[in-house]
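A structural walkthrough
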Amino acid sequence: MTNNEIRPFRIEIPQADLDDLRDRLARTRWIDDLPGTGWERGVPAAYLKELAGYWAEKFDWRATEAELNAYPQFSTTIDGQNVHFLHIRSAEADATPLLLLHGWPSSVIDFLDVIGPLTDPKAHGAPDAPAFHLVIPSLPGHGFSGPITEAGWDDGRVAAALAELMVRLDYDRYGVQGGDHGAFIAPKLGRVDAGHVLGVHVNALVIFPTGDPADLAALTEAERQRLARRKNFQDDGAAYMNLKGSRPHTIAQLVADSPAGQLGWIVEKYKEWVDQANDLPEQAIGKDRLLANVSVYWFTATARSVANFYYERFHDASLFAPQPKGTVPTGVAVFKDGDYAIRRFAERAHNITYWSEFYSGGHFPALEVPDLFAGDVREFFRTLI
């Protein structure tokens, strides 16, 4: 018999785990910085040591825990895997169900600042904006969903599990928003559950240039810069992805045993992917929000699962195989840094009905520019409801 039970969930990290974190950080064997070098070789040791000291002595995990526990949380077992999620219903009778999907190194933490604006727009200066019932899962194998228990959790399996989650919540028609991993999974949901998905909104959409000289000649200057950033990422910024996609257990052991290693592994991505008008990542998203996400991955011991997520994608032959163009209405938000999407290429695979571009923000818009993010989500779904 299938167990469809939805169980109340509350985050309660044992004090012994907090004490162990501080003890491990205190015993870190730090490297030295090579004179005359900076972020181009990875996270500077001096910066990482200072941030680790803040994590150990000043960051208040219990405050983050209380902020999360202020919202209704649940867990359920789908396809043998635990799935944790926040479920916040709007007081508006005509609110639209909306599934919000994080990526890596993100978690449900990313969406905390947009819960109010999306569920209760009237109270947040947007009386005419649509309201949403929010379902915010920890992706299988990530954060409070806990480690995956078997191989095979690729994008398609995750999408099917999330479609089942919405069935269990009695949502017959719903929207999906996703970035990073979510930008793969949200369109996949639109394909596997097209009869129930109202629309898909994504940021950080992955695109593939056609190579057609006519297409390249027609690019705007902004699009050429975007394409150049994409190539630079492939040439000089994708080592983390290639390692996790090919040898996930090796890197997982390193970051699972060392909080300083976990911190460096994640903060490097924040530095490279936030709005580059900021010299340091905490200037874009705040030091406490950054450390809250790192803490989620540390306390839940999901390093192996996260790394394996990339392995499954790299070894999924169907992922990049030719497939019919998606039919579900799709909105794309392109933020200044960390986004490479180009409309003429995106339209080959997706039914693009809405496109917006912003001159600020990076790869983590719900954290960096929550007002812009929430406003764009509202405007896209306003066209569909």
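Residues numbered from 1 in each chain as written. Predicted model: local features only at pLDDT ≥ 70, side-chain atom pairs only at ≥ 80, totals over all residues. Heavy atoms only, no water.

Some points on the pattern of salt bridges
- A complete count under the given rule lists 22 salt bridges for this structure.
- Between Asp19 and Arg22 there is a salt bridge, with its nearest N and O atoms 3.7 Å apart. Taken as a pair, Asp19 and Arg22 lie in helix H1 (residues 15–26) at a separation of 3 residues, close to a single helical turn.
- For Asp19, a relative accessible area of 41% translates into the label partly exposed.
- Asp155 serves as the salt-bridge partner of Arg313, at 2.9 Å between the closest nitrogen and oxygen. Note that Arg313 is positioned in helix H14 (residues 303–314) and Asp155 in helix H5 (residues 155–168), a separation of 158 residues in sequence. (Salt bridge = Lys/Arg side-chain N within 4 Å of Asp/Glu carboxyl O. Helix = DSSP H or I, 4+ residues; strand = E, 2+ residues; numbered from the N terminus. Buried < 20%, exposed > 50% of the residue type's maximum accessible area, 1.4 Å probe, protein only.)

Quick look at a nonpolar patch on the surface
- The grouping of Val206, Phe208 and Phe320 at the surface amounts to a nonpolar patch, some 300 Å² of accessible area in total.
- Of note, Phe320 is situated in the loop between H14 and strand E8 (329–334). (Patch = residues over 30% accessible without salt bridge, like charges linked within 9 Å, V, L, I, M, F, W, Y side chains within 5 Å. Areas by Shrake-Rupley, 256 points an atom, 1.4 Å probe, with all protein chains shown as cover.)

Describing the packing of helix H9 (residues 239–246) against helix H11 (residues 259–273)
- In contact at an axis separation of 11 Å, H9 and H11 are set at 140° when each is read in the N-to-C sense. Between H9 and H11, the crossing angle belongs to the class labelled oblique. Here H9 contributes Tyr240, Leu243 and Lys244 to the contact with H11, which in turn contributes Trp265, Lys269 and Trp273.
- Among the residues forming the contact of H9 with H11, the class breakdown is 4 nonpolar, no polar and 2 charged. (Axes fitted to C-alpha atoms, helices over the stretch in contact; angles between N-to-C directions. Parallel < 35°, antiparallel > 145°, perpendicular 65-115°, else oblique. Contact = heavy atoms within 4.5 Å. Nonpolar A, V, L, I, M, F, W, Y, C, P; charged D, E, K, R; others polar.)

Description of the side chain of Ser107
- Within the fold, Ser107 resides in the loop between strand E4 (96–101) and helix H4 (115–119).
- The exposure class of Ser107 is buried, given its relative accessible area of 3%.
- Ser107 has contacts with His102, Asn293 and Val296, leaving out every residue within four places of it along the chain.

Digging into the UniProt feature "active site" (unreviewed entry) in the protein
- In this numbering, the UniProt entry assigns the feature "active site" (unreviewed entry) to Asp180, Tyr310 and His363. When only the residues just named are considered, the largest cavity is lined by Asp180 and His363.
- Here Asp180 lies in the loop between strand E6 (174–179) and helix H6 (181–192).
- In contact with Asp180, other than residues within four places in its own chain, are Gly103, Trp104, Asn203, Ala204, Trp273, Tyr310 and His363.
- Note that Tyr310 resides in helix H14.
- Setting aside residues up to four positions removed in sequence, Tyr310 forms contacts with Trp104, Asp180, His181, Tyr240, Met241, Lys244 and Gly245. (UniProt positions renumbered as here; feature names shortened; annotations may be inferred. 1 Å grid on protein atoms, 1.4 Å probe; cavity = no way out; pocket = protein on both sides within 12 Å on 5 of 7 lines; lining within 4 Å.)

A closer look at the sheet that holds E6
- Pairing in this open sheet of 9 strands is mixed, and the strands run E1-E2-E3-E5-E4-E6-E7-E8-E9 from one edge to the other. Both outer strands of the open sheet, strand E1 (6–8) and strand E9 (351–357), are each paired with one neighbouring strand and no more. Between one strand axis and the next, the sheet turns by 25° as a mean value, whatever way the strands run.
- Contacts from helix H17 (residues 370–382) reach E4, strand E5 (132–137), E6, strand E7 (197–203), E8 and E9, with the element oriented near 150° to E7. (Pairing = 2+ DSSP bridges.)

Regarding the environment of Arg226
- Topologically, Arg226 is positioned in helix H8 (residues 221–236).
- Distance from Arg226 to Ala26, taken between C-alpha atoms, is 41 Å for residues 200 residues apart in sequence.
- The residues contacting Arg226, other than those within four sequence positions of it, are Val334, Asp339, Tyr340, Ala341, Ile342 and Glu357.
- One polar contact links Arg226 to Glu357, side chain to side chain, over a distance of 3.0 Å. (Polar contact = N/O pair within 3.5 Å; in protein donor to acceptor, adjacent residues only side chain to side chain.)

Let's talk about the UniProt feature "domain: Epoxide hydrolase N-terminal" (unreviewed entry) in the protein
- Mapped onto this numbering, the UniProt entry annotates "domain: Epoxide hydrolase N-terminal" (unreviewed entry) at residues 6–111.
- Helix and strand shares over residues 6–111 are 32% and 22% respectively, and the end C-alpha atoms of the span are 22 Å apart.

Points about the packing of H5 against H6
- Interaxial distance between H5 and H6 falls to 9 Å at its minimum, and their mutual angle equals 65°. Looking at the two axes, H5 sits roughly perpendicular to H6. In this structure, H5 meets H6 at a crossing whose hand is right-handed. In this structure, H5 uses Asp155, Gly156, Val158, Ala159, Leu162 and Ala163 to contact H6, whose residues at the interface are Phe184, Ile185, Lys188, Leu189 and Val192.
- A class-by-class count of the residues in the contact of H5 with H6 yields 8 nonpolar, 1 polar and 2 charged. (Left-handed = near helix turned anticlockwise from the far one by under 90°.)

A closer look at empty space enclosed by the protein
- In this structure the tally under the stated criterion is 4 cavities of 30 Å³ or more.
- Looking at the largest cavity, it is lined by 18 residues, and the ones nearest its centre are Ser106, Asp110, Gly179, Asn203 and His363.
- Every element with two or more residues in the lining of the largest cavity is listed here: E6 and helix H16 (365–368).
- With 3 residues, the top contributor of residues to the lining of the largest cavity is H16.
- Split into classes, the residues belonging to the lining of the largest cavity amount to 9 nonpolar, 7 polar and 2 charged. (Points joined across faces, edges and corners; volume = space filled by probe spheres on them.)

Considering helix H2 (residues 45–57)
- Between its terminal C-alpha atoms H2 stretches 18 Å, which fits the 18 Å expected from 13 residues at 1.5 Å a residue.
- In the core, the buried residues of H2 are packed alongside H1, H11, helix H12 (282–285) and helix H13 (287–300). (Expected span 1.5 Å × (residues − 1).)

Brief notes about the pairing of E4
- Across the 6 residues of E4, 6 count as buried, placing the element largely inside the fold.
- Side chains Thr96, Leu98 and Leu100 of E4 all project onto a buried face; the interleaved residues Pro97, Leu99 and Leu101 project onto the opposite face, where all are buried too.
- The pairing of E4 with E5 spans 4 bridges and is classified as parallel. Its bridge partner being in E5, Leu98 is matched across the sheet by Leu134.
- In this structure, E4 lies alongside E6, joined through 4 bridges in parallel fashion.

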